[in-house]
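Tertiary structure, described
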Amino acid sequence: MGGFLENLKNIFTVPTGDTTSKFVTFTIRCNKCGEEITVRARKNSDISRVSEGEKLAGAEYFLRKEILGEKCNNLIYIEVSFGPGFNIISKEISGGKFVE
Ligand SMILES: [Zn+2]
């Protein structure tokens, strides 16, 4: 027994290396209640490519996301610009702070 579940686990467990390539992760803290929230942005859906005409300061990708924690109803907004290879060029937040 247990073999079937073990197989399922193997299917749904994503190798660590793969996860880091598909997601960009941020840790933020809510200004209202202090909750730390881990934000995972999917490179292929949450993050959009900046079109040629709109490129600002070398930004290749752009992320705009609303985050709601579990402890209060304070909405946090983040806006992040990425250069080639998803290195962060600039990031802005309202309603919370980035935790380094
Ligand atoms: Zn909060």
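Here the residue numbering is sequential within each chain, running from 1 through the sequence in written order. A pLDDT threshold of at least 70 governs which residues receive local features in this predicted model, and a stricter bar of 80 or more applies before side-chain atom pairs are shown or counted, although totals over entire chains, interfaces and linings include all residues. Water and hydrogen atoms play no part in the side-chain values, which are based on all heavy atoms of the structure.

Time to look at the overall build of the protein chain. In terms of helices and strands, the protein chain carries 2 helices and 7 strands. Helix numbering and strand numbering both begin at the N terminus, where a helix is a DSSP run of H or I of at least 4 residues and a strand a DSSP run of E of at least 2. Secondary structure of the protein chain in N-to-C order comes out as α-α-β-β-β-β-β-β-β. Burial here depends on accessible area, computed with a 1.4 Å probe over protein chains only, as a share of the maximum for the residue type. Under 20% is buried, over 50% is exposed, and the range in between is partly exposed. Looking at the protein chain residue by residue over its 100 residues, the buried ones come to 29%. Within the protein chain, contacts between residues separated by at least 24 positions form 34% of all contacts whose residues are at least 6 apart in sequence. For accessible areas, the Shrake-Rupley method is used with a probe of radius 1.4 Å. Any residue's cover is judged against the shown protein chains and nothing else. Surface exposure of the protein chain reaches about 7100 Å², of which carbon and sulfur atoms provide 52%. Throughout, a residue-residue contact means that at least one pair of heavy atoms, one from each residue, lies within 4.5 Å.

It is worth spelling out the coordination of the zinc ion at this point. Around a metal, the idealised angle for a tetrahedral arrangement of four donor atoms is 109.5 degrees; for an octahedral arrangement of six donor atoms it is 90 or 180 degrees. Taken together, the protein ligands of the zinc ion are Cys30 (SG), Cys33 (SG) and Cys72 (SG), with distances of 2.2 to 2.3 Å. Only nitrogen, oxygen and sulfur atoms qualify as donors, provided they sit within 2.8 Å of the metal or within 3.2 Å for Na, K and Ca; with water excluded from the atoms, sites may seem incomplete. Written as a sequence motif, the donor residues of the zinc ion are C-x2-C-x38-C. Taken together, the residues span a long stretch of sequence, with Cys30 in strand E1 (residues 23-30) and Cys72 in the loop between strand E4 (61-68) and strand E5 (75-82) at a distance of 42 residues. Residues Cys30 and Cys72 agree in their burial class; the two are buried.

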